[in-house]
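Letter by letter, the chains look like this.
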Amino acid sequence: MKVRTRFAPSPTGYMHIGNLRTALYEYLIAKANGGDFLLRIEDTDQKRYVEGATEIIYNTLKTVGMNWDEGPDIGGNYGPYVQSERKPLYAEYAHKLVELGGAHYCFCSKSDADEEKNEELNIKFKDPCKLIPLEEAKKRVAAGEPYVIRQTINKKGKSKYHDEVYGDIEIDYDELDEGVLLKSDGFPTYNFANVVDDHLMGITHVVRGNEYISSTPKYNLIYEDFGWEHPFYVHVPPVMKDAQHKLSKRNGDASFQDLVAKGYLPEAIINYIALLGWNPGTEEEIFSLEDLKKVFSVERLSRSPSIFDITKLTWMNGCYIRALSPEKFHQMAMPYYNAMPEGINLEALSRTLQPRVETLGQIAEQTDFIRALPDYSLELFANKKMKTDASVAKMVMPEIRKVLAEQKDWNNDALFESLKALAEKLGVKNGQVLYPARIALSGKETTPGGATEIAVILGQVETLRRIDTAIAKL
């Protein structure tokens, strides 16, 4: 059996982290077993459709490297891969299911059905149309009377099926709702379309949230009525915001696009969400997508919910940033260097930042003093550890200026040696020269890099200008 999985998102907005994790697990199940990964767009809920959302789905999967083998844009042997383009197919199978006794025509209004059922009290809608003889129902349909097609559930006892994560599941048939399969507008509901499409597309493994565990028996009845084999089920627990709340795009929680905009690398995001519900059985935490394809297995998926920890993701992102080549980091940092003054050594800035930032989004806050020297207090020159204060700074600053004005080799090592030699000449500790110099050049207590690194970034002209500003202040 060739493994075939599908990612079947609804085009309703940005890519939620939970949806991306589902796509990742579907992709890994297929690729770890030499199978095919399909992309299918489930747009049957036309009210929730968002213009441009399909492109977001394409772009997200391509950005993280999850290329699909079949899909709306590249085709395949089982298309169309957009549900709205398969509309006549669902009607055909829905009417066929009525003939098989697995569904029935319902002429009740939606308000009638809504009034009778009560989710909180677990009261299901008892459809009186279920008792209408089939031939009579067909005449009413032919006469143009509005209708929907509802599932017919006559079984008693318990439904039993196996889930790859949760094991053997038993659910009482009495708990199942005879839901709508085909709506009055001819569009199928999710409950029906996904079964028909999964069968016709040869899907062998279905990954979805564990909230679908209770409705899976309804899908299995449809498979049985048609005489089809159901796929392997892989239900996964939710990704949580905290111990009580699910991560949800409806509640404004971060999407994949939000995280990328904040400077998180797609590779780090994928690595992190792989671990939200799966573990490799080792202490290893850093995995490329290629690594994951080699080590992923369904057996190591967890039954317990995972909490999305932005601190852990930020740490992991830092690992990925530090692993970049200097050239690649510089290329990725460049868009964050807008409004930099002329003369700034951007390559030196990137070399200084790469070991010190954990997201690209931190670049702006770490480089604000490069753009413009802030108005700082003389109290910043005071540091007990370095044995400096404003009086020490006042004494060394003119000497620092002389050395830097005469400096020929404007690189970090040469500058450091020159200022170290100055400290020795003045009979003070290195920190009593370097610390005041750093404050003068940055106007900040903490900076990415020391005095000489900042001097290289600023260039000789701007460095001397800032030293002069400090001398005037002191």
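These lines cover the structure that appears in this document, whether it is placed above or below. Note that the structure is a prediction, hence the values are computed from the model and not measured.

Observations regarding the side chain of Thr 352
Moving on, step 1. With respect to the helices, strands and loops of the structure, Thr 352 is situated in helix H13 (residues 346-353).
Moving on, step 2. Within the structure, Thr 352 has its side chain in polar contact with the backbone oxygen of Ala 348 (distance 3.0 Å).
Moving on, step 3. If we ignore the near neighbours within four places in the chain, the residues touching Thr 352 are Pro 448, Gly 449, Glu 453 and Ile 457.

As for the sheet that holds strand E7 (residues 180-182)
Moving on, step 1. If you walk across this open sheet you meet the three strands as E3-E4-E7, and the pairing is antiparallel. This sheet does not close on itself; its edge strands, each paired only once, are strand E3 (103-106) and E7. On average, each strand axis in the sheet is inclined to that of its neighbour by 45°, with strand direction left out of account.
Moving on, step 2. As judged from the two bridges shared by strand E4 (residues 148-151) and E7, these two strands associate in the antiparallel manner. Considered in E7, the bridge of Ile 149 is made with Leu 182.

Some details on the nonpolar core
Moving on, step 1. One finds Met 66, Phe 192 and Ile 400 to be the most contacted residues of the largest nonpolar core, which totals 139 residues.
Moving on, step 2. The biggest single contributor to this core is helix H1 (residues 17-32), with nine residues.
Moving on, step 3. Dropping the residues within four chain positions of it, Met 66 is found in contact with Leu 20, Ala 23, Leu 24, Tyr 27, Phe 37, Leu 61, Ile 270 and Leu 289.

A word on the environment of Thr 282
Moving on, step 1. Mapped onto the secondary structure, Thr 282 falls in the loop between helix H9 (266-274) and helix H10 (289-295).
Moving on, step 2. Residue Thr 282 is classed as partly exposed on the basis of its relative accessible area, which comes to 49%.
Moving on, step 3. Of the polar contacts made by the side chain of Thr 282, one reaches the backbone nitrogen of Glu 284; its length is 3.2 Å.

Comments concerning the pattern of salt bridges
Moving on, step 1. Applying the stated criterion across every chain, the model contains 29 salt bridges.
Moving on, step 2. In this structure, Arg 4 engages Asp 36 in a salt bridge whose closest nitrogen and oxygen atoms are separated by 3.3 Å. Of this pair, Arg 4 sits in strand E1 (residues 4-7) while Asp 36 sits in strand E2 (residues 36-39); the two residues are 32 residues apart in sequence, bridging distant segments of the chain. By the burial criterion, Arg 4 is buried, and Asp 36 matches it.
Moving on, step 3. Residue Glu 26 is joined to Arg 6 by a salt bridge in which the shortest nitrogen-to-oxygen separation is 4.0 Å. Placement of the pair is Glu 26 in helix H1 and Arg 6 in strand E1, with a sequence separation of 20 residues. Arg 6 carries the same exposure label as Glu 26, and that label is buried.

A short note on the packing of H13 against helix H19 (residues 451-458)
Moving on, step 1. The interhelical angle for the contact between H13 and H19, taken along N-to-C directions, is 150°, at an axis separation of 7 Å. Classified by the angle their axes make, H13 and H19 are roughly antiparallel. Considering only the axes of H13 and H19, their crossing is left-handed. Contact residues: H13 offers Ala 348, Leu 349 and Thr 352, while H19 offers Glu 453, Val 456 and Ile 457.
Moving on, step 2. Taken together, the residues of the contact of H13 with H19 sort by class into four nonpolar, one polar and one charged.

A few points about unusual backbone geometry
Moving on, step 1. Cis geometry marks the peptide bond from Gly 79 to Pro 80; its omega dihedral reads -5°.
Moving on, step 2. Tracing the sequence through the fold places Pro 80 in the loop between helix H2 (53-64) and helix H3 (87-100).
Moving on, step 3. Positioned with a positive phi, Lys 387 is a non-glycine residue whose angle comes to about 60°.
Moving on, step 4. Mapped onto the secondary structure, Lys 387 falls in the loop between helix H15 (368-371) and helix H16 (390-406).

Concerning the state of the cysteines
In a disulfide, the sulfur atoms of two cysteines are held together by a covalent bond.
Moving on, step 1. Using the criterion set out here, one finds zero disulfides in the structure.
Moving on, step 2. Of all cysteine sulfurs in the structure, the one in Cys 108 sits closest to Cys 106, which takes part in no disulfide; the separation is 3.9 Å.
Moving on, step 3. Between Cys 108, a cysteine without a disulfide, and Cys 129, which holds the nearest cysteine sulfur, the sulfur-to-sulfur distance is 3.6 Å.

A look at H16
Moving on, step 1. For H16, built from 17 residues, the straight-helix expectation of 24 Å at 1.5 Å per residue is met to within 8% by its first-to-last C-alpha distance of 24 Å.
Moving on, step 2. Maximal helix bending in H16 amounts to about 35°, located at Val 396; proline Pro 398 follows within four positions.
Moving on, step 3. Here H16 has its buried residues at Val 392, Ala 393, Val 396, Met 397, Ile 400 and Leu 404.

Some words on the side chain of Gln 432
Moving on, step 1. In this fold, Gln 432 is placed in helix H18 (residues 431-442).
Moving on, step 2. The buried category is assigned to Gln 432, whose relative accessible area is 12%.
Moving on, step 3. In this structure the side chain of Gln 432 is engaged in a polar contact, spanning 2.8 Å, whose partner is the backbone oxygen of Lys 387.
Moving on, step 4. Leave out the neighbours within four places in its chain, and Gln 432 touches Met 386, Lys 387, Thr 388, Val 392 and Val 396.

Looking at the environment of Met 334
Moving on, step 1. Looking at the element boundaries, Met 334 is found in the loop between helix H12 (326-333) and H13.
Moving on, step 2. Residue classification places Met 334 among the partly exposed residues on the basis of a relative accessible area of 37%.
Moving on, step 3. Separated by 16 residues in sequence, Met 334 and Ser 350 place their C-alpha atoms 8.6 Å apart.

Thresholds applied
- Residues numbered from 1 in each chain as written.
- Predicted model: local features only at pLDDT ≥ 70, side-chain atom pairs only at ≥ 80, totals over all residues.
- Heavy atoms only, no water.
- Helix = DSSP H or I, 4+ residues; strand = E, 2+ residues; numbered from the N terminus.
- Polar contact = N/O pair within 3.5 Å; in protein donor to acceptor, adjacent residues only side chain to side chain.
- Contact = heavy atoms within 4.5 Å.
- Pairing = 2+ DSSP bridges.
- Axes fitted to C-alpha atoms, helices over the stretch in contact; angles between N-to-C directions.
- Core = buried A, V, L, I, M, F, W, Y, C linked by side-chain atoms within 4.5 Å.
- Buried < 20%, exposed > 50% of the residue type's maximum accessible area, 1.4 Å probe, protein only.
- Salt bridge = Lys/Arg side-chain N within 4 Å of Asp/Glu carboxyl O.
- Parallel < 35°, antiparallel > 145°, perpendicular 65-115°, else oblique.
- Left-handed = near helix turned anticlockwise from the far one by under 90°.
- Nonpolar A, V, L, I, M, F, W, Y, C, P; charged D, E, K, R; others polar.
- Disulfide = S-S within 2.5 Å.
- Expected span 1.5 Å × (residues − 1).
- Bend = angle between axes of the 7 residues up to and from the residue.

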